[in-house]
Amino acid sequence: MNSDVQIAGDPLAIPHLLPPVPAHPATVAGFAGLARSIAADRAAWAPLVRYDATTRWYHRLRTGPGYEVWLLSWVPGQGSGRHDHGASSGVLTVLEGELTEHAEDGPRTLTAGAQRVFAPGYVHEVVNDALAPAVSLHVYFPGLTNMPMHPSQATGSGAVTTPPGIPAP
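Keep in mind that what you see is a predicted model, and the values were worked out from it rather than measured.

### Some remarks on the overall build of the chain
Scanning the chain from N- to C-terminus turns up three helices and ten strands. If you list the helices and strands of the chain from N to C, you get α-α-α-β-β-β-β-β-β-β-β-β-β. Counting across all 169 residues of the chain, residues that qualify as buried make up 37%. Taking as baseline every contact in the chain between residues at least 6 positions apart, the subset at least 24 positions apart corresponds to 68%. Just so you have it, the chain exposes about 9100 Å², and 59% of that area is on carbon and sulfur atoms.

Right, dumping it as structure tokens:
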């Protein structure tokens, strides 16, 4: 009796029959474009959004070779705390509502459609200072492995590191 491999041959030996490898952005602009394309597909992400009054809600939406995409929701008053993203660069895109980013150069209001790109070591805090919930999309490359917390500028306390895999803007 012949096996399927004997009859059809090894499919891995025929590269043109394999599905194409997903495109991987190679530049910051490429990752920003990836975030915009995911943001534009509202039907794919909107049904996943949940709101949690006790903590920011987050969901890993996608992973790719060397990157990951997170969806976060923020009810009024929720914030990330001052942090950076370790060795990861990132793109933050506001999908709904309004968020305030506090960084060294002062506060910045981010409304739906706004994007922020940051390099490793960039320290900021993101807060929902508005009266309505907000939703944001975060692309990290490489994928987020740690999120060192920094003391607020007012307290001057020591930095701590959160466990790996906890997303933050």
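### Structural notes on the nonpolar core
Of all hydrophobic cores here, the largest spans 18 residues; its most connected members are F31, Y67, L71, V91, L95, L137 and V139. If you list the elements that add at least two residues to this core, you get α2 (28-40), β2 (67-74), β3 (89-96) and β8 (134-141). Of all the elements, α2 adds the most residues to this core, at six residues. If we ignore the near neighbours within four places in the chain, the residues touching F31 are H24, P25, Y67, V91, V139 and F141. Formed by twelve residues, the second largest nonpolar core is a distinct cluster that contains L72, W74, L110 and L144.

### Digging into the packing of aromatic side chains
Describing an aromatic ring pair means giving the distance of the ring centres and the angle of the ring planes. According to the stated counting rule, one finds four aromatic pairs in the structure shown. With centroids separated by 5.6 Å and ring planes inclined at 70°, the aromatic side chains of F31 and Y67 adopt a geometry described as edge-to-face. With F31 in helix α2 and Y67 in strand β2, this residue pair connects regions lying 36 residues apart in the sequence. Judged by relative accessible area, F31 falls into the buried class, the value being 4%.

### What about the sheet that holds β2?
Ordered in space as β1-β2-β8-β3-β6, the five strands form an open sheet in which the pairing is antiparallel. In this open sheet, the two edge strands, each paired with only one partner strand, are β1 (57-64) and β6 (115-118). Geometrically, the sheet is characterised by an average inter-axis angle of 15° between neighbouring strands, direction not taken into account. Strand contacts of α2: β1, β2, β3, β6 and β8, with the helix running at about 145° to β8, the strand carrying the most contacts.

### A word on the sheet that holds strand β7 (residues 124-127)
Ordered by their spatial adjacency, three strands build an open sheet running β5-β4-β7, and the pairing between neighbours is antiparallel. Each having just a single partner strand, β5 (106-111) and β7 make up the two edges of the open sheet. Neighbour-to-neighbour, the strand axes of this sheet turn through a mean angle of 25°, independent of strand direction. Where strand β4 (residues 98-103) meets β5, six bridges bridge the pair, whose relative direction is antiparallel.

### Observations regarding α2
Its 13 residues place the ends of α2 18 Å apart at the C-alpha level, agreeing with the 18 Å of an ideal helix rising 1.5 Å per residue. F31, A32, L34, A35, I38 and A39 are the residues of α2 that are buried. End-on, the buried residues of α2 take up no more than an arc of 155°, which puts them together on one face. Exposed residues pointing more than 90 degrees away from the buried face of α2 are listed as A29 and A40.

### Some details on the side chain of S88
Inspection of the secondary structure assignment puts S88 in the loop between β2 and β3. By relative accessible area, S88 is classed as buried at 2%. Not counting residues up to four positions away in its chain, the partners in contact with S88 are A119, P120, Y140, F141, P142, G143, L144 and T145.

### Brief notes about the environment of P133
One can find P133 in the loop between β7 and β8. By relative accessible area, P133 is classed as partly exposed at 37%. Taking the C-alpha atoms as reference, P133 lies 8.1 Å from Y51; in sequence the two are 82 residues apart. Ignoring sequence-local partners within four residues, the contact set of P133 consists of Y51, W74, V75, P76, E96, G97 and N128.

About the thresholds
- Residues numbered from 1 in each chain as written.
- Predicted model: local features only at pLDDT ≥ 70, side-chain atom pairs only at ≥ 80, totals over all residues.
- Heavy atoms only, no water.
- Helix = DSSP H or I, 4+ residues; strand = E, 2+ residues; numbered from the N terminus.
- Buried < 20%, exposed > 50% of the residue type's maximum accessible area, 1.4 Å probe, protein only.
- Contact = heavy atoms within 4.5 Å.
- Areas by Shrake-Rupley, 256 points an atom, 1.4 Å probe, with all protein chains shown as cover.
- Core = buried A, V, L, I, M, F, W, Y, C linked by side-chain atoms within 4.5 Å.
- Phe/Tyr/Trp six-rings, centres within 6.5 Å; stacked < 30°, edge-to-face > 60°.
- Pairing = 2+ DSSP bridges.
- Axes fitted to C-alpha atoms, helices over the stretch in contact; angles between N-to-C directions.
- Expected span 1.5 Å × (residues − 1).
- Arc of directions from axis to C-beta.

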